[in-house]
Amino acid sequence: MDPNYSKCWSASKKESWKNILLLAYQSLGVVYGDLSISPLYVFYSTFAEDIHHSETNEEIFGTLSFVFWTLTLVPLFKYVFIVLRADDNGEGGTFALYSLICRHAKVSLLPNRQVADEALSTYKMEHRPEKKSSSRAKLFLEEHKSLHTALLILVLVGTCMVIGDGVLTPAISVFSAVSGLELSMSKEHHQYAVIPITCFILVCLFALQHYGTHRIGFLFAPVVLTWLLCISSLGLYNIFCWNQQVYKALSPYYMFKFLKKTRKSGWMSLGGILLCITGSEVMFADLGHFSYDAIQIAFTFLVYPALILAYMGQAAYLSMHHDASSQISFYVSVPEIVRWPVLIIAILASVVGSQAIISGTFSIINQSQSLGCFPRVKVVHTSNKIHGQIYIPEINWLLMILCIAVTIGFRDIKHMGNASGLAVMAVMLVTTCLTSLVIILCWHKPPILALSFLLFFGSIELLYFSASLIKFREGAWLPILLALFLVTIMFVWHYATIKKYEYDLHNKVSLEWLLALGPSLGISRVPGIGIVFTNLTSGIPANFSRFVTNLPAFHRTLVFVCIKSVPVPYVPPAERYLVGRVGPPAHRSYRCIVRYGYRDVHQDVDSFESELVDKLANFIRYNWSQSPVNFDSVNEDGGSRSSEGRLAVIGMLASDFDLEESVQPESVSVSFPTVNSVSDVIEMENVGVVDKRVRFVIDESKSDSESEFGATFAADALLQEELQELFEAHQAGTAFILGHSHVKAKQGSSILKRLAINYGYNFLRRNCRGADVSLKVPPVSLLEVGMVYIV
């Protein structure tokens, strides 16, 4: 045994803890900006109108007790110790939970699912023993198609509420921070100063988004850390200065006394108390940028104690100052000598918290777009070094307009708090529902455990949600209206996308039709590479047949490219490209399926074109290195069998897949280990078709070294010829063939479907980015083929 082993282990462990602590420090600026500024407006929103601060202090102590237990049960117990463990390859958020469920149960509405995707290294699943009860729940969920739609709508509602939070959080955060000026100027001046200053800060915040946060991101953690130390120090000062017995209010008994005295008014005031946990969902959404340990350490040992001290300090101060409810705000408990520095730090912290939720909104819209649930928008990657930092111009300016409209329209923290609280609780309810499904389907725990989780945390969140919902006319209508509008857009887009795919699937052209095209029909092959974009993973798309019908020529090298999303966060570059032939080698036609995860960065067209040619060249080398006996075969009727469906994962090192008889309804992969292979071969057969093959067996006794040398020489010559033609075609130029679609509802469709397809989807299609823009295809190389879809 190596005597230095224990020392090395200790050093690596020390280094590991050093990295975790560094990540925990960095997470302060990204994860906890929104949560840390909640003391600015929680007490103010709670005592706005519903309840009043009395001499008995029952209201203020009851509020403190509610804040303490809410912070303890929801962010600490629910998120830190349970929900954060439901990660998808280290990623968190609504789509991470949904992709986990879709991988463990066939509930996805995306139609291009392939069993071949399960060979991805990131497509890992929990292989715990599945109990009969969880198996029954899984079968019940898979059998009822209506539940698949309901699950998608639930995910979309959670997504839309996150977007709504992206509108409300910057407004209430900056407005609450700037409202501290009311103690330093007269009421008349304050009334005309806070709104313009807030709007100016918001405009500057959104105007700087296109630069990205990587240039000033290093300031975020120090700002939030300074703010947390500031509010905790103020809390300790107020506790020791005004009321050292305030810790008694942490008892749950004060919650009971609070509700007993205030009754309906106290229940309605819960809409302000719930604001203490706004930003908790960011811990899970930003899990992929840090780690479970880092987020857990930062919250448990710094953020949570600082917030508790801040709220206790405010309660201690207010327990000795029974002024009007309008004076219940954060800044009244700040000593006058440090009020201006605290105001500046609060504004900086509110800007950091707003930046985090804006970046999160960009990220979740990009994920929605990747899964076909959002109209195409322009996504700009602001950093080449930091993965995932994106900027969406259209969404940025729309968020800015809405934020300014909310600030000017509400002009009140109470109404903003009602709106923000309802959006936050809706997201948390969706997370609770999805996590309970993960407990059953992914963790294979008993359904009673998932039901207990759902009932315990769901009842707490429903209580707060009802308190926000009752204030529908006092601001809570805004997130509901935004969610209804966005859910309608996303569901219509997703529905039409699925219908278009089904139309392409039923109208695809046979391989025999493509092979029959030749000089006898007046079809010529022109130099260059023709890249035909399609949603199909097999078969010839109808838009290509329309192209050949109108222009009887196509390129000498033809590549059918399908860019598809897989329900995983990332696809490793070595596993991204599935490449195969369409027809015999002499036809020079290929199929390439490019797989992306919902958090992957899509390449620009220049790097994609070069990489595609490299992958084709690697596939050709691999293909000719295989024995012709293993590749070419015949059907039982003696006809030649094309290689449509035989795809290879072109990567660094992988395993070979081979199959004699396909009996699966979708793509099938069977693996056995190899040592020096450069790709995975995956058989992908048509649905429900059993393709039997006959292999020719060569009598080894009749083969000699001369025939082997001749076969090898001929194979090398054919390989060099095909590679030469590929590179010549690349030099001649590349044309990108895209379908320009118009979708119409078929005759006899319902009024709702005709409205959704003929007007809703086509309006969105005309006013969003085109496929050529989202794929970054240069206009000079673009060929668009008009297609009318009757769905």
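Scope of this entry: the structure provided in the associated data block. (Residues numbered from 1 in each chain as written. Predicted model: local features only at pLDDT ≥ 70, side-chain atom pairs only at ≥ 80, totals over all residues. Heavy atoms only, no water.)

**Description of the environment of P572**
Here P572 lies in the loop between β4 (553-565) and β5 (577-581). With 452 residues separating them in the primary sequence, P572 and L120 have C-alpha atoms 8.2 Å apart. Residues within four places of P572 in sequence aside, it is in contact with S121 and T122. (Helix = DSSP H or I, 4+ residues; strand = E, 2+ residues; numbered from the N terminus. Contact = heavy atoms within 4.5 Å.)

**Concerning the pattern of salt bridges**
Taken as a whole, this structure holds 11 salt bridges when the rule is applied. The partner of K414 in a salt bridge is E474, and the shortest N-O contact between them spans 3.1 Å. Highlighted residues: K414 in helix α16 (residues 413-441) and E474 in the loop between α17 (447-469) and α18 (477-506), separated in sequence by 60 residues. Assessed through its relative accessible area of 4%, K414 is described here as buried. Its relative accessible area of 27% is what places E474 among the partly exposed residues. A salt bridge links K499 to E502; the shortest N-O distance between them is 3.6 Å. (Salt bridge = Lys/Arg side-chain N within 4 Å of Asp/Glu carboxyl O. Buried < 20%, exposed > 50% of the residue type's maximum accessible area, 1.4 Å probe, protein only.)

**A short note on helix α11 (residues 264-273)**
The periodicity of an α-helix, 3.6 residues per turn, causes residues three or four places apart in sequence to face the same way. Among the 10 residues of α11, 7 are classified as buried, and the element is accordingly described as predominantly covered. Residues of α11 that are buried make contact with α3 (42-46), α4 (58-80), α10 (253-262), α16 and α17.

**As for helix α15 (residues 393-410)**
Its 18 residues give α15 an end-to-end C-alpha distance of 26 Å, which sits within 8% of 26 Å, the value for a rise of 1.5 Å per residue. For α15, the complete set of buried residues consists of P393, I395, N396, L399, M400, C403, I404, V406, T407 and F410. Buried residues of α15 fall within an arc of 165 degrees about the axis and therefore sit on the same side. Seen from the open side of α15, the exposed residues pointing more than 90 degrees away from its buried face are I401 and G409. Within two residues after α15, R411 carries a phi angle of roughly 55 degrees, on the positive side. (Expected span 1.5 Å × (residues − 1). Arc of directions from axis to C-beta.)

**Some details on the environment of I308**
Residue placement: I308 occurs in helix α13 (residues 292-318). When the C-alpha atoms of I308 and F68 are compared, they prove to be 6.6 Å apart, with 240 residues separating the residues in sequence. The contacts of I308, once residues within four sequence positions are left out, are F68 and L71.

**A short note on the packing of helix α9 (residues 220-242) against helix α14 (residues 339-370)**
The interhelical angle for the contact between α9 and α14, taken along N-to-C directions, is 130 degrees, at an axis separation of 9 Å. Relative to α14, the element α9 is oriented oblique. Crossing hand, α9 versus α14: left-handed. Note on element contacts: α14 touches α9 through V342, I345, A346, L348, A349, V352 and Q355, opposite F220, V223, V224, T226, W227, C230 and L234. Counted by class, the contact of α9 with α14 contains 12 nonpolar, 2 polar and no charged residues. (Axes fitted to C-alpha atoms, helices over the stretch in contact; angles between N-to-C directions. Parallel < 35°, antiparallel > 145°, perpendicular 65-115°, else oblique. Left-handed = near helix turned anticlockwise from the far one by under 90°. Nonpolar A, V, L, I, M, F, W, Y, C, P; charged D, E, K, R; others polar.)

**Looking at unusual backbone geometry**
Even without glycine at this site, N57 takes up a positive phi of about 65 degrees. Secondary-structure assignment places N57 in the loop between α3 and α4. Judged by relative accessible area, which is 10%, N57 ranks as buried. The backbone phi angle of H444 is positive, close to 55 degrees, even though this residue is not glycine. With a relative accessible area of 7%, H444 lands in the buried category.

**Structural notes on the packing of helix α7 (residues 145-178) against α15**
The N-to-C vectors of α7 and α15 enclose an angle of 50 degrees; their axes lie 9 Å apart at closest approach. With respect to α15, the element α7 is oriented oblique. Pair α7 / α15 crosses with right-handed handedness. Along the contact surface, α7 presents I163, G166, V167, L168, P170, A171 and F175, while α15 presents L399, L402, C403, V406 and T407. Across the contact of α7 with α15, the residue classes break down as 10 nonpolar, 2 polar and no charged.

**Comments concerning the state of the cysteines**
Following the criterion strictly, the structure yields 0 disulfides and no others. No disulfide involves C102; its sulfur sits 9.7 Å from that of C442, the nearest cysteine. With relative accessibility at 7%, the residue C102 sits in the buried group. On the basis of relative accessible area, C442 is assigned to the buried category, the value being 1%. (Disulfide = S-S within 2.5 Å.)

**Some details on a nonpolar patch on the surface**
Together, I448, L449, L451 and L455 make up a nonpolar patch on the protein surface, roughly 390 Å² of accessible area in all. When you line up the elements, L455 lands in helix α17. By relative accessible area, L455 is classed as exposed at 54%. (Patch = residues over 30% accessible without salt bridge, like charges linked within 9 Å, V, L, I, M, F, W, Y side chains within 5 Å. Areas by Shrake-Rupley, 256 points an atom, 1.4 Å probe, with all protein chains shown as cover.)

**Examining the side chain of H587**
Within the element layout of this structure, H587 appears in the loop between β5 and β6 (589-596). Given the relative accessible area of 10%, H587 is considered buried. With residues near it in sequence (within four places) discarded, H587 still touches L514, L515, R525, F554, R556 and V582.

**What to know about the side chain of S741**
Looking at the secondary structure, you find S741 in strand β11 (residues 734-744). A polar contact is formed between the side chain of S741 and the side chain of K500, at a distance of 3.1 Å. Apart from the residues within four sequence positions on either side, S741 is in contact with K500, R765, M787 and Y789. (Polar contact = N/O pair within 3.5 Å; in protein donor to acceptor, adjacent residues only side chain to side chain.)

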